[in-house]
Amino acid sequence: GLNFQDEELALERGSYDSVAAPTVIQQSGGNFFMVYRADINEPYSSTSFNSKTTSLWSAISSDGIHFQKESLLVDGAQASYDGYVDGPELVTMSDSLHLFFWTSAGQANIEEQGEYDMTSIDEGKLWSAPYLVVSPSEGNVPWGDPSLLKVDDIWHMYYTKHTEGIYYALQE
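Engineer: Which residues make up the nonpolar core, and what are the values?
Structural biologist: Ranked by size, the top nonpolar core spans 15 residues in total, and within it Phe33, Val35, Val74, Leu90, Leu99, Phe101 and Trp127 carry the most contacts. Secondary-structure elements contributing two or more residues to this core are strand 2 (32-40), strand 4 (68-75), strand 6 (96-103) and strand 7 (114-120). With sequence-adjacent residues up to four places away left out, Trp127 is seen in contact with Phe33, Leu73, Leu90, Leu97, His98, Leu99, Met118, Thr119 and Ser120. In terms of nonpolar packing, the next biggest core, distinct from the first, is built from nine residues, Phe32, Tyr36, Trp57 and Ala59 among them.

Engineer: I'd like to hear about the pattern of salt bridges, residue by residue, with values.
Structural biologist: Under the definition given, this model contains four salt bridges. Asp86 is the partner of Arg37 in a salt bridge, and the nearest nitrogen-oxygen pair spans 2.9 Å. Note that Arg37 is positioned in strand 2 and Asp86 in strand 5 (residues 86-93), a separation of 49 residues in sequence. For the pair Arg37 and Asp86, one class covers both residues: buried. With a closest N to O distance of 3.5 Å, Asp39 and Lys52 form a salt bridge. Taken together, the residues span a long stretch of sequence, with Asp39 in strand 2 and Lys52 in the loop between strand 2 and strand 3 (53-61) at a distance of 13 residues. For Asp39, a relative accessible area of 0% corresponds to the buried category. Through salt bridges that share partners, Arg37, Asp39, Lys52 and Asp86 make up one connected network.

Engineer: Give me the lowdown on the sheet that holds strand 6, citing residues and values where you can.
Structural biologist: What the four strands build is an open sheet, ordered 5-6-7-8; its pairing is antiparallel. Strands at the two margins of the open sheet, each flanked by one partner only, are strand 5 and strand 8 (131-134). The sheet shows a mean angle of 35° between the axes of neighbouring strands, direction not considered. Bridge analysis of strand 6 against strand 7 gives seven bridges, and the strand direction is antiparallel. Opposite Trp102, over in strand 7, you have Glu115 as the bridge partner.

Engineer: Summarise the packing of aromatic side chains; cite the residues concerned and give the values.
Structural biologist: A full pass over the atoms with the stated rule returns eight aromatic pairs. An angle of 80° between the planes, with centres 6.1 Å apart, marks the rings of Tyr81 and Phe101 as edge-to-face. One end of the pair, Tyr81, is in the loop between strand 4 and strand 5; the other, Phe101, is in strand 6, with 20 residues separating them in the sequence. Across the pair, exposure class does not vary: Tyr81 and Phe101 are buried alike. Ring plane angle 15° and centroid distance 5.4 Å describe the contact between Phe101 and Tyr116, whose orientation is recorded as stacked. Of this pair, Phe101 sits in strand 6 while Tyr116 is found in strand 7, placing the two residues 15 residues apart along the sequence. Looking at Phe101, the relative accessible area reads 0%, which means it is buried. One aromatic cluster in this structure is built from Tyr81, Phe101 and Tyr116. Sitting above the plane of the Trp57 ring, Lys69 keeps its charged end 4.4 Å from the centroid.

Cut-offs and rules
- Counting of residues starts from 1 at the beginning of each chain's written sequence and follows it residue by residue.
- Residues qualify for local features only when their pLDDT is at least 70, as the model is predicted, and side-chain atom pairs are given and counted only at 80 or more; totals for whole chains, interfaces and linings, by contrast, use all residues.
- Excluded from the side-chain calculation are hydrogens and water; included are all heavy atoms of the structure.
- Definition of nonpolar core: a set of buried residues of the types Ala, Val, Leu, Ile, Met, Phe, Trp, Tyr and Cys, connected through side-chain atoms within 4.5 Å.
- Per-residue accessibility, obtained with a 1.4 Å probe over protein chains only, is compared with the maximum for each type, and a residue is labelled buried under 20%, exposed over 50%, and partly exposed between these values.
- A run of H or I in DSSP counts as a helix once it spans at least four residues, and a run of E counts as a strand once it spans at least two, with each numbered from the N terminus.
- In what follows, residue pairs with any heavy atoms lying within 4.5 Å of each other are defined as contacts.
- In the sections that follow, a salt bridge refers to a side-chain nitrogen of Lys or Arg positioned within 4 Å of a carboxyl oxygen of Asp or Glu.
- Strands qualify as paired when DSSP identifies two bridges or more between them.
- To obtain an axis, a line is fitted to C-alpha atoms, over the contacting stretch when the element is a helix, and the angle between two such axes runs from 0 to 180 degrees between their N-to-C directions.
- Here a pair means two rings of Phe, Tyr or Trp (six-membered ring of Trp) with centres within 6.5 Å. Their orientation is stacked below 30 degrees between planes, edge-to-face above 60, and tilted elsewhere.
- Geometrically, a lysine NZ or arginine CZ counts as sitting over a ring once it is within 6 Å of the ring centre and also within 35 degrees of the ring normal.

Next comes the structure, spelled out in structure tokens:
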């Protein structure tokens, strides 16, 4: 198996309480593009389901080792996300880059829960507005951590419903 050594800091957390969940692709020009979650250890509101407020940021690197924070992609501090977005997953599909992520959206926003997608046709410079691609089927079970795989020209999305298990959905 693989053995990883020589651990090195790739991106400092800056003013956030923590950073997590990196996903990285190499762009056609050779640069490396990262999306990650940044956390503030305060709830979005007094009624928020989650104890912290999160957002998704991008970072860029020429060597794949040392990244510089670039821009805010998804601001979790919105009522529709109830302060929480997580699990970014970058996937190249045809000629576009997709950013999948999830939100539990809290008890009051069950219609907003699920897996979202944003699309960029210029390797992450400009993005579409987020849109829901998988919504809850039953109950208020927190969703998370999308992972995608193309098998025989059909995209499979795997994701968790934290108290139930791992689910999948197929591209229509």
